Amino acid sequence: MQVEAHLQKIIEQDGKVHLTLIDPASQTPERAVEIALAAVEGGTDAIMIGGSTGASGTILDETVIKIKEKVNVPTILFPGSSAGLSSYADAVFFMSLLNSRDLGYVITNQVLGAPLVYRSQIEPISMAYLVVEPGGTVGWIGDAKLIPRKKPDIAAVYALAGKYLGMHYTYLEAGSGADAPISPEMIGAVKHVLGENKLIVGGGIRDAITAKLCASAGADMIVTGTIVEEVKDVTAKVAEIVSAIKS
Ligand SMILES: CC(C)=CCC/C(C)=C/CC/C(C)=C/CC/C(C)=C/COP(=O)(O)OP(=O)(O)O
Ligand SMILES: O=P(O)(O)OC[C@@H](O)CO
Ligand SMILES: [Mg+2]
C-alpha cells in the first residue's frame, strides 16, 4: 500500500495529485530521465511509465531503472498489456479496460501479468480504466466501445460498476493527445458516484486552465503526457499545471 498511501496523503495535504506520463517508446531512456527530473522539479507527484505500443522489454526496463536511479517520486507502470510490466517499478496501475470488447484487455492480460507482480515487489493499484471519445490510439488498440463524450451517465454507471467490483481508482481517458479532454460534466457525474474513491483524468490536457477545470469538476489526479514530451521547458509547464490544480 506504499504508493497508494503516499498518493492518498498528497490528496489530503494538497487536494490534488499531478502525474507525468512518460512513454518509453517515445525517446531514449536518457531523455526520459531528463523529462522526469524536470517534471519533478516542476512539482509532479509521480511518474507513470507506459504506452499503447512498444513500451516493453529492454527499453522499458532501462527507462524504469534510470528514472528510479535519479528521481525521488514513485514510478507507476501504466501497461498496455502484460508486456508493459517491469519488476523495477514501484507500483502498477493494475487496470481493466471495462468498456473494451476484447476480453484480452478486460482480464486476460491481467491474468498473464499477475504472476510477475506476485513474484516482484511491485505494488498493484486496482483501477477501472474507461476510454471516452475520441479515445486515440488506446481506444483503437484496446477495442473500446467508446463512451460518447456527451453521455456522462454512461461513464458514471461504468465507474459505479468498477467501484462495486472493488477497484480503488477510476481513470477517465480521452486518449493521448486528444483534441479535447473529458468534459467537466462527465468528470462531475463520475466523481459524484465514486464518493471517496479516487478519480484520475487524462488525455488532451495541455495547460493550466484546462487542468484546473478538470480538477475543479472532481478529478483527484491529473495526468499529462504529450505536452511534457513536446515543450522545451518541462519544469515551467509542469509547474504551471501543478500550481493551477493545487491552489
Ligand atoms: C494490468 C495489466 C498487466 C495490463 C493491463 C492491460 C490493459 C487493460 C490495457 C488497456 C489498453 C491499452 C492499450 C492501454 C495503454 C495505456 C497507455 C499506456 C496509454 C497512453 O500511452 P501513450 O503512449 O501516451 O499513448 P500513445 O500510445 O497514443 O502514444
Ligand atoms: O498525452 P496526453 O494527452 O497528456 O494524455 C495522457 C494520458 O491520459 C494518455 O493515456
Ligand atoms: Mg505514446
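Refer to the structure printed above.
Residues numbered from 1 in each chain as written. Chains lettered and ligands numbered in written order. Predicted model: local features only at pLDDT ≥ 70, side-chain atom pairs only at ≥ 80, totals over all residues. Heavy atoms only, no water.

(A) The arrangement of helix H6 (residues 152-164) in detail. End to end, H6 covers 18 Å across 13 residues, agreeing with the expected 18 Å (1.5 Å per residue, within 8%). Within the sequence span of H6, burial applies to Pro152, Ala155, Ala156, Ala159 and Gly162. Angular distribution of buried residues about the axis of H6 spans 125°; they occupy a single face of the element. With respect to the buried face of H6, the exposed residues turned more than 90 degrees away are Asp153, Val157 and Tyr164. Tucked inside the fold, the buried residues of H6 contact strand E5 (123-131), strand E6 (169-173) and helix H7 (184-194). (Helix = DSSP H or I, 4+ residues; strand = E, 2+ residues; numbered from the N terminus. Expected span 1.5 Å × (residues − 1). Buried < 20%, exposed > 50% of the residue type's maximum accessible area, 1.4 Å probe, protein only. Arc of directions from axis to C-beta. Contact = heavy atoms within 4.5 Å.)

(B) View of the packing of helix H2 (residues 29-41) against helix H10 (residues 234-246). As a packed pair, H2 and H10 sit with axes 7 Å apart at the nearest point and diverge in direction by 40°. Taken together, the axes of H2 and H10 are oblique relative to one another. When you trace H2 past H10, the crossing you get is right-handed. Contact with H2, carried on its side by Arg31, Ile35, Ala38, Ala39 and Glu41, involves Val234, Thr235 and Val238 of H10 and no other residues of that element. Classifying every residue of the contact of H2 with H10 gives five nonpolar, one polar and two charged. (Axes fitted to C-alpha atoms, helices over the stretch in contact; angles between N-to-C directions. Parallel < 35°, antiparallel > 145°, perpendicular 65-115°, else oblique. Left-handed = near helix turned anticlockwise from the far one by under 90°. Nonpolar A, V, L, I, M, F, W, Y, C, P; charged D, E, K, R; others polar.)

(C) Main features of the site of ligand 2. Not every one of the 13 residues close to ligand 2 is listed here, only the nearest: Glu173, Ser176, Gly177, Gly225 and Thr226. Within the contact set of ligand 2, an oxygen atom lies 2.7 Å away from a backbone nitrogen or oxygen of glycine 177. Glycine 203 is positioned with one of its backbone polar atoms (N or O) 3.0 Å from an oxygen atom of ligand 2. The protein chains hide 98% of the 300 Å² of surface that ligand 2 would expose on its own. Sorting the residues of the shell around ligand 2 by element identifies E6 and strand E8 (221-224) as the ones contributing at least two each. The residue makeup of the shell around ligand 2, split by class, is four nonpolar, eight polar and one charged. (Near = heavy atom within 4 Å. Polar contact = N/O pair within 3.5 Å; in protein donor to acceptor, adjacent residues only side chain to side chain. Areas by Shrake-Rupley, 256 points an atom, 1.4 Å probe, with all protein chains shown as cover.)

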